[in-house]
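# A structural walkthrough
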Amino acid sequence: MERKNFEGEPVSTGTGVGKVFIIKESDIEINEDIIDESEVEAQITNLEVAICRTFIEIYDLNDGFRGILSEEENRIFDFYKEILDDRTFFEEIKNLIKNERYRADMAIHTCIKKYIDEISESNNEYIKQRVFDLNDVAKRLIKNISGGISDENDIKIKEINSEQIVVIKELTPIIAASLAKKEVKGVVAEEGAGYFTHASIILRSTGIPAINGICIDEIEKFHDNPAIIDGEKGILIVNPTEREMDDFKFGSSRKPLCIKDSKNSGILFEGRPVETADGHRVGLFVNISSVKEFFAAKSLGIDGVGLVRTESLFINYKKIPDEKRQYLIYSKIAKEISGKPVVIRTADIGGDKVPGALGINDQSLSRSPRGIKRSLEHKKELITQIRAIMRAAEFGEVSISFPMVDSIKQIKEVKSIIEEVSVELTEKNGQPLKSIRIGTMIETAESVKIIEEILNEVDFISIGTNDMLHQICEQNRKCSTLEMRSYLEPVFLQTLKYCVDKAIEKNKPASVCGEMATDPMAVIVLLGIGVKDLSMGPAYIEDIGRFIRTVKLDEAKEAARRAMEGRSLQEVKDMLSEWIKSRM
Ligand code: PEP
Ligand code: MG
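Residues numbered from 1 in each chain as written. Chains lettered and ligands numbered in written order. Predicted model: local features only at pLDDT ≥ 70, side-chain atom pairs only at ≥ 80, totals over all residues. Heavy atoms only, no water.

### Quick word on the overall build of the protein chain
What counts here: A run of H or I in DSSP counts as a helix once it spans at least four residues, and a run of E counts as a strand once it spans at least two, with each numbered from the N terminus. In this scheme, a residue with accessible area under 20% of its type's maximum is buried, one over 50% is exposed, and one in between is partly exposed, where area comes from a 1.4 Å probe on protein chains only.
If you tally the helices and strands in the protein chain, you get 27 helices and 16 strands. Across the 584 residues in the protein chain, those meeting the buried criterion constitute 58%.

Structure representation (structure tokens):
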């Protein structure tokens, strides 16, 4: 069977192995015949019924997600409801039926097309993405005009099961929601799953790996063939080699954060802290990118939140949320985690990193500096965020952290802002503010060089292996060509050990919060080089926790030593793979 690699835009992280399931778009057929006057009333009735049916469909779907998507994420459905509830929109369609003598389907099509043409002109990426939602509304209405008979896509969706990677021509939010409910292994879309679409928001929130922008015609012939999806890299490998399958072995066993799991209220670790087989405690923390993820993670018996990616929390907003909004989100997390530590990282925006939904021009964003550098150029925004975090810190063990730091000057500047905010809030509240622990990400090449000075300034560090690896390899993370598991490259492992050693020397906690921490092969090395705290997406916590319980620290130390002395990446991968197999 022909092996083939497809590359697209990564929109939802995670990996999966499954069979390709193709859903090709069924074009909606519009009847362009002009009607007689006597048919006008009947067509208007058809329209009213279709609107009603579509409304119910959306409500049903929305209901199915209650308590699963966050309040913000549920607003996705509001957009649909607003259109269907819009009297002007309804009147416009009605007038086309009355005056132009269009049939109801033709009138809907004409009217929505007009709206789509208008918003396609917009420079705002968020608004532009609503084209897919409008198209979806049109399709649903037209389907419901014809008596609600299921269209081809609906029928196909019924055939889908959780062992498949769905490849679809145009993903709509409603289809995304249905696929999320089916807990498919992954979704690949030709269109409709751009980073800011509602469809991709749903997939991210439900932990389904997804890629956008891959031409379905090229994949069609691979229907029912085995494939691997890597949502982080935006790669679909059809008919992978045995070695690739092996590489993904752990990936495939990782469950996405599925709907079922999010309702799980059991403590995964039976109330016992996670320790290695020989009794060394390892802190398991969660990285969160949405409120939904936080609630899903809360029940997992985690030690705290190791990283709040605030830029991702903002993704559903049209602009960066104001202080009150941010304060509400952060304080909710701080209160709900009941005394466990939470590290809130200021927004990591800019360069090749995300969110255009925030009213920031995409193009200028890709040229702008990233992380703390950008934040310091947007002081007002940064101060607002720091204030919100510091106010929320009153409710729990909240620490603040900064992304992409590459100079001591930046740390000194943010520390002086924290000091000023602290004085101001103390005056306002009439009592001293709780002091907040300050940390930083170690994820730029420069931060590694100055790590000793950094450690003198901060209370803790979080090693961001995703960016660090790309920086060291001088690769753009968005269109990375790095080989799978490149973080096991001996030189990179030595760099990590150097950082961890420095933190131990200075007696400052160092956690690892990149994707590397979700890979058992890498976890062996991380434990072996002295990492005591790992932070990862909620979907991986259970597997990694259980895996750690099988590892003896002395053996991990030995494996780490051998890995750092390895002559090639492949040699390290083979050695660690053997290591694991021999213990299973
Ligand atoms: C990292 O770079 O490893 C990290 C955890 O930060 P992010 O993935 O949010 O850039
Ligand atoms: Mg990073």
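### Notes on the sheet that holds strand E9 (residues 283-288)
Condition: Paired strands are those between which DSSP finds at least two bridges. Helix axes are fitted to C-alpha atoms over the stretch in contact, other axes to C-alpha atoms as well, and angles between N-to-C directions run from 0 to 180 degrees. Whether two residues are in contact is decided by their heavy atoms: any pair within 4.5 Å suffices.
The parallel closed barrel is built from 8 strands, whose spatial order is E9-E10-E11-E12-E13-E14-E15-E16. Strand-to-strand, the axes of this sheet are offset by a mean angle of 25°, without reference to chain direction. Sheet analysis places E9 next to strand E10 (residues 304-309), joined by 4 bridges and oriented parallel. Across the sheet, residue Asn287 finds its bridge partner in E10, namely Leu307. Packing against the sheet, helix H18 (residues 379-392) makes contact with strand E11 (341-345) and strand E12 (397-402), and its axis sits at approximately 160° to E12. Helix H23 (residues 490-505) rests against strand E13 (437-442), strand E14 (460-463) and strand E15 (510-512) of the sheet, and its axis sits at about 165° to E14.

### As for the pairing of E11
Within E11, 4 of the 5 residues are buried, which leaves the element mostly enclosed by the surrounding structure. Here E10 pairs with E11 via 3 bridges, running parallel. Across the sheet, Arg309 pairs through a bridge with Arg345, a residue of E11. As paired strands, E11 and E12 are joined by 5 bridges and run parallel to one another.

### What about the packing of H18 against helix H19 (residues 408-429)?
The description of two packed helices rests on the angle between their axes and on the distance between the axes. This is how it is decided: Roughly parallel covers angles under 35 degrees, roughly antiparallel covers those over 145, roughly perpendicular covers 65 to 115, and oblique covers all other angles. In this scheme, a crossing is called left-handed if the near helix is turned counterclockwise away from the far one by less than a right angle; it is called right-handed if the turn is clockwise. All amino acids are sorted into three groups, where Ala, Val, Leu, Ile, Met, Phe, Trp, Tyr, Cys and Pro are nonpolar, Asp, Glu, Lys and Arg are charged, and the leftover types, Gly among them, are polar.
Where H18 contacts H19, the two axes come as close as 10 Å, and the packing angle between them is 55°. Looking at the two axes, H18 sits oblique to H19. Viewed along their axes, H18 and H19 form a crossing whose handedness is right-handed. Touching Lys379, Leu382, Ile383, Ile386, Arg387, Met390 and Arg391 of H18 are Glu413, Val414, Ile417, Ile418, Val421, Ser422, Glu424, Leu425 and Lys428, all from H19. Here the contact of H18 with H19 is composed, by residue class, of 9 nonpolar, 1 polar and 6 charged.

### Re the packing of helix H3 (residues 87-99) against helix H4 (residues 104-120)
H4 packs onto H3 with a crossing angle of 130° between their chain directions and a minimal axis gap of 9 Å. Looking at the two axes, H3 sits oblique to H4. In this structure, H3 meets H4 at a crossing whose hand is right-handed. For the pair H3 and H4, the contacting residues are Phe89, Glu92, Ile93, Leu96 and Ile97 in the first and Ala104, Ala107, Ile108, Thr110, Cys111, Ile112, Lys114 and Tyr115 in the second.

### Some thoughts on the pattern of salt bridges
What counts, and what does not: Every case where a carboxyl oxygen of Asp or Glu lies within 4 Å of a side-chain nitrogen of Lys or Arg is listed as a salt bridge.
A full pass over the atoms with the stated rule returns 35 salt bridges. The closest approach of N and O atoms between Arg546 and Glu542, which form a salt bridge, is 3.1 Å. Taken together, the residues span about one helical turn, with Arg546 and Glu542 both in helix H25 (residues 538-548) at a distance of 4 residues. Among the salt bridges present, the one from Arg561 reaches Glu558, with a minimum N-O distance of 2.7 Å. Placement of the pair is Arg561 and Glu558 together in helix H26 (residues 553-564), with a separation of 3 residues, close to one helical turn. Taking relative accessible area as the criterion, Arg561 reaches 36% and is therefore assigned partly exposed. Taken together, the salt bridges that share partners define one network made up of Glu311, Arg345, Asp348, Arg370 and Asp467.

### Re the coordination of the magnesium ion (ligand 2)
Formally: Here a donor is an N, O or S atom found within 2.8 Å of the metal, or within 3.2 Å if the metal is Na, K or Ca; sites may look incomplete because water is not among the atoms.
Protein-derived coordination of the magnesium ion (ligand 2) comes from Glu443 (OE) and Asp467 (OD), at a distance range of 2.0 to 2.1 Å. Placement of Glu443 in the loop between E13 and helix H20 (445-449) and of Asp467 in helix H22 (residues 465-472) is noted, with a sequence separation of 24 residues between them. A relative accessible area of 2% means that Glu443 is categorised as buried.

### Remarks on the sheet that holds strand E1 (residues 4-7)
Pairing within the open sheet is mixed, and its 8 strands lie in the order E1-E8-E7-E3-E4-E5-E6-E2. Sheet topology places E1 and strand E2 (9-12) at the edges, where each strand pairs with a single neighbour. Geometrically, the sheet is characterised by an average inter-axis angle of 30° between neighbouring strands, direction not taken into account. By the bridge criterion, 5 bridges tie strand E3 (residues 15-23) to strand E7 (residues 226-230) in an arrangement that is antiparallel. Looking at the pairing, Val17 lines up with Ile228 of E7.

### Things to note about the confidence of the model for the protein chain
Formally: Residue-level confidence of the predictor, termed pLDDT, takes values from 0 up to 100.
With 84% of its residues at a pLDDT of at least 70, the protein chain reaches an overall mean of 84. Per-residue pLDDT stays below 50 along residues 251-267; that stretch engages in 43 contacts with residues further than four places along the chain or on separate chains.

### Let's talk about the nonpolar core
Looking at soluble globular proteins, one finds that nonpolar side chains tend to be buried together. Formally: What is meant by a nonpolar core is a set of buried Ala, Val, Leu, Ile, Met, Phe, Trp, Tyr and Cys residues, joined one to another through side-chain atoms within 4.5 Å.
If you look at the biggest cluster of nonpolar residues, it comprises 100 residues, and the most contacted ones within it are Leu488 and Leu534. What Leu534 contacts, discounting residues up to four positions off in sequence, is Val282, Gly283, Leu284, Phe285, Val512, Ala517, Val523, Leu526, Ile544 and Ile548. Within the second largest apolar cluster, 56 residues are counted, among which are Ile23, Ile44, Ile116 and Ile175.

### Considerations on helix H24 (residues 520-528)
Counting buried positions along H24 gives 9 out of 9 residues, so the element sits mostly inside the fold. Where H24 is concerned, the buried positions are Pro520, Met521, Ala522, Val523, Ile524, Val525, Leu526, Leu527 and Gly528. Looking one or two places after H24, you find Gly530, whose phi comes out positive at around 105°.

### Quick look at the packing of aromatic side chains
Put simply, the rule is: Ring geometry is summarised as follows: Phe, Tyr and Trp rings, the Trp one being its six-membered ring, pair when their centres sit within 6.5 Å, and such pairs are stacked at plane angles under 30 degrees, edge-to-face over 60 and tilted between the two. Note on geometry: a ring has a charge over it if NZ (lysine) or CZ (arginine) is within 6 Å of the ring centre and within 35 degrees of the ring normal.
Within the structure shown, the criterion is met by 3 aromatic pairs. Seen from their ring centres, Phe89 and Tyr115 are 6.0 Å apart, and the 70° between their planes marks the pair as edge-to-face. Of this pair, Phe89 sits in helix H3 while Tyr115 sits in helix H4, and the two are 26 residues apart along the sequence. Judged by its relative accessible area of 3%, Phe89 falls in the buried class. The partly exposed category is assigned to Tyr115, whose relative accessible area is 22%. Ring centres of Tyr327 and Phe395 lie 6.2 Å apart, and the angle between their planes is 50°; on these two criteria the pair is classed as tilted. With Tyr327 in helix H15 (residues 323-336) and Phe395 in the loop between H18 and E12, the pair connects residues that are 68 residues apart, well separated along the chain. Looking at Phe395, the relative accessible area reads 35%, which means it is partly exposed. Of note, Arg391 hangs over the ring of Tyr327, and the distance from its end group to the ring centre comes to 3.9 Å.

### Quick look at the pairing of E3
Within E3, 8 of the 9 residues are buried, leaving the element largely enclosed by the surrounding structure. Pairing between E3 and strand E4 (residues 164-170): 5 bridges, direction parallel. The partner of Lys19 across the bridge, within E4, is Gln164.

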